Amino acid sequence: ITRSTPMSHARRAPPRLAHERVHDRFPVALRFPVDWQVIRTSRGWAAVDGLSWDYDALIQVMVLRGSVEKYLQEPRLHLLLRGELVSSERLEVDGRPTARIVGRTAGRVEEIALLDWGPGWVVVVMGDRTRENYDVYKPWFRFTVLSIDHPKTTEASPGVAETP
């Protein structure tokens, strides 16, 4: 990779994931890459390699109502992929129906994974990076998707906050 600016600290080492994070409103646990800035949102998280307003790569995780099938048919998915569709595949991750979609715009690549999260819920994982860094960040995106699980400490349903 030829760059005019140095690579971020996170990309100088092999991909490693940080500690597990558990959302307080939804039964979702996952691990983001080490040294990435993680921002909690009302529906999940956004993690960036770099500054939140000037990042090299982004992984956003959201828990939404719906299903993988329904979400694939939504017009908003096509809005997320504002350029050309590069690939689309259906697979299983730990027995859960999953879809993976990759789209490309003029200078960026967007990757979306949709994971079935039980009746009426879907986990949407979006990755955004420059075309030149797409292959470099592939492992971080995939490791994060594969780390997504139900928390081991709760039996709560999506959308139900835990009570102490």
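Residues numbered from 1 in each chain as written. Predicted model: local features only at pLDDT ≥ 70, side-chain atom pairs only at ≥ 80, totals over all residues. Heavy atoms only, no water.

I'm lost on the pattern of salt bridges in this one. Help?
Oppositely charged side chains may form a pair once their charged atoms are brought near each other. One pass over the structure, following the stated rule, counts eight salt bridges. Among the ionic pairs, E111 bridges to R100, the shortest N-O distance being 2.7 Å. One end of the pair, E111, is in strand β8 (residues 108-116); the other, R100, is in strand β7 (residues 96-104), with 11 residues separating them in the sequence. Taking the relative accessible area as the measure of exposure, R100 reaches 13% and is therefore buried. (Salt bridge = Lys/Arg side-chain N within 4 Å of Asp/Glu carboxyl O. Helix = DSSP H or I, 4+ residues; strand = E, 2+ residues; numbered from the N terminus. Buried < 20%, exposed > 50% of the residue type's maximum accessible area, 1.4 Å probe, protein only.)

Can you walk me through the packing of aromatic side chains in this structure?
Enumeration over the complete set of coordinates arrives at four aromatic pairs. Seen in terms of ring centroids, W36 and Y137 are 5.8 Å apart; in terms of plane orientation they differ by 80 degrees. Their pairing is edge-to-face. Taken as a pair, W36 in the loop between β2 (29-33) and β3 (37-41) and Y137 in helix α3 (residues 134-147) lie far apart in primary sequence, 101 residues in all. You can call Y137 buried: its relative accessible area is 1%. Between Y137 and W140, the ring centres sit 5.7 Å apart and the planes meet at 55 degrees, which makes this aromatic pair tilted. Residue Y137 and its partner W140 are located together in helix α3, separated by three residues, close to a single helical turn. (Phe/Tyr/Trp six-rings, centres within 6.5 Å; stacked < 30°, edge-to-face > 60°.)

Quick question: what am I supposed to make of the sheet that holds strand β5 (residues 54-65) here?
Within a beta sheet, neighbouring strands are joined by backbone hydrogen bonds and run either parallel or antiparallel to one another. In spatial order, the strands read β3-β4-β5-β9-β8-β7-β6; together these seven strands make up an open sheet with antiparallel pairing. This sheet does not close on itself; its edge strands, each paired only once, are β3 and β6 (84-93). Looking at each pair of strands side by side, their axes are set apart by 15 degrees on average, direction ignored. Here seven bridges tie β7 to β8, and the two strands are oriented antiparallel to one another. Note on β8: the bridge partner recorded for T98 is L115. Sheet strands in contact with α3 are β4 (44-51), β5, β6, β7, β8 and β9 (121-130), and its direction is about 160 degrees off that of β9. (Pairing = 2+ DSSP bridges. Axes fitted to C-alpha atoms, helices over the stretch in contact; angles between N-to-C directions. Contact = heavy atoms within 4.5 Å.)

What is the right way to read the nonpolar core from this model?
Most often, soluble globular proteins keep nonpolar side chains buried together rather than apart. In terms of nonpolar packing, the biggest core is built from 23 residues, with V28, V61, V123 and V125 touching the most fellow members. Secondary-structure elements contributing two or more residues to this core are β2, β4, β5, β8, β9 and α3. The biggest single contributor to this core is α3, with five residues. Non-local contacts of V123, meaning those with residues more than four positions away in its chain, are made with V28, V61, M62, V63, A113, L114, L115, W117 and I148. Counting 12 residues, the second-largest nonpolar core is a separate cluster that includes M62, I101, L114 and V122. (Core = buried A, V, L, I, M, F, W, Y, C linked by side-chain atoms within 4.5 Å.)

What is the right way to read the pairing of β2 from this model?
Here is the key point about a regular strand: its side chains alternate between the two faces of the sheet. Counting buried positions over the five residues of β2 gives four, a clear majority of the element. Pairing of strand β1 (residues 17-22) with β2, which is carried by four bridges, proceeds in the antiparallel orientation. Bridge assignment links V22 to a residue of β2, and that residue is A29.

How do you make sense of the side chain of T98 when you look at a structure like this?
Tracing the backbone shows T98 in strand β7. Look at T98 and you get buried, because its relative accessible area is 5%. Within polar-contact distance, the side chain of T98 engages the backbone oxygen of R96 at 3.0 Å. Those residues in contact with T98 that sit more than four places away from it in its chain are E89, R90, L91, E92, V93, L114 and L115. (Polar contact = N/O pair within 3.5 Å; in protein donor to acceptor, adjacent residues only side chain to side chain.)

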